[in-house]
Amino acid sequence: MRNVQFLTGFALLILASSLASAFDPSPLQDICVAIDEPKNAVFVNGKFCKDPKLARPGDFFLSGLDKPGNTANRLGFSVKNANVEQIPGLNTLGISAVRIDYAPYGQNPPHTHRRATEILTVLEGTLYVGFVTSNQLNNTLVAKVLKKGDAFVFPIGLIHFQFNIGKTNAVAIAALSSQNPGVITIANSVFVANPPINPDFLSKAFQLDVDVVKDLEAKF
């Protein structure tokens with residue numbers, strides 16, 4: 001009897017844990033358009049929701065993804081987001097998208113989305129893309145060259161990148177499994193932390209001369 005109770009309790013614990021660790025929860029109503037004004041609204045998944053009866057087509061609409069972004073920066077890339085901040089009707093729906101433009105040899109540097117898996121499709125150009133597995137799988141690089149019409153998946157939470165290896169501009173569209181996936185750019189997180197991370201610590205962590213670390217912090 002005790003064994004049965006233990007197994008039942010353990011099963012319930014596993015179920016509860018799996019539910020608690022879910023990322024974007026399943027919606028309990030058709031729509032939950034996000035609004036900034038909390039008056040007469042309900043707070044759901046980080047946003048207030050307007051009365052569904054007051055929803056309008058514009059709540060589910062975004063234009064401009066056909067327009068190229070400005071890639072005149074040190075990395076040569078630009079991202080246009082289509083998440084809950086731009087499309088309030090995405091609230092609770094667990095999906096978003098981005099348009100990424102790359103100048104010749106531009107790159108989307110190593111970064112991670114801690115709340116979303118990403119699938120990227122190349123619309124124009126040639127990209128070298130990849131992700132790195134965790135320590136559990138020996139930090140293995142999984143990478144491939146993509147051409148127009150190719151797609152590639154970056155698993156949730158893993159560091160990944162894209163690099164335009166062509167001599168012409170490149171464009172990609174990516175879908176992500178979160179209404180607001182977030183992004184952590186690795187170099188920025190390390191070298192632009194506020195307040196700064198102690199250079200002596202970073203020097204030992206990355207096996208670099210401390211002056212090199214200070215130079216990197218100054219550049220970022």
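Structure shown above.
What this report covers is the structure whose coordinates are included nearby. It should be emphasised that the depicted structure is a prediction, and the values quoted were computed from it without experimental measurement. (Residues numbered from 1 in each chain as written. Predicted model: local features only at pLDDT ≥ 70, side-chain atom pairs only at ≥ 80, totals over all residues. Heavy atoms only, no water.)

1. Some thoughts on unusual backbone geometry
Our working definition: Only runs of H or I of at least four residues qualify as helices and only runs of E of at least two qualify as strands under DSSP, and these elements are numbered from the N terminus. Burial here depends on accessible area, computed with a 1.4 Å probe over protein chains only, as a share of the maximum for the residue type. Under 20% is buried, over 50% is exposed, and the range in between is partly exposed.
A cis geometry characterises the amide bond from N194 onward to P195, with omega recorded as 0 degrees. Even without a glycine there, the phi angle at N138 is positive, about 65 degrees. Tracing the backbone through its elements, the reader meets N138 in the loop between β8 (127-132) and β9 (141-146). N138 sits in the exposed class, given a relative accessible area of 65%. Of note, the phi angle at N139 is positive, near 50 degrees, even though the residue is not glycine. Position of N139 among the secondary structure elements: in the loop between β8 and β9.

2. Some points on the nonpolar core
Our working rule: What makes a nonpolar core is a set of buried Ala, Val, Leu, Ile, Met, Phe, Trp, Tyr and Cys residues whose side-chain atoms join them at distances within 4.5 Å. Contacts are assigned to residue pairs with any non-hydrogen atoms lying within 4.5 Å of each other.
Among the nonpolar cores identified, the biggest contains 18 residues, and Y102, L120 and L127 are the most heavily contacted of them. Put simply, the parts of the chain that give this core at least two residues each are β5 (96-102), β7 (118-124), β8, β10 (151-154) and β12 (170-176). Those residues within four positions of L120 in sequence are excluded, and the remaining contacts are I100, Y102, L127, L146, D150, A151, F152, F154, Q162, A172, I173 and A174.

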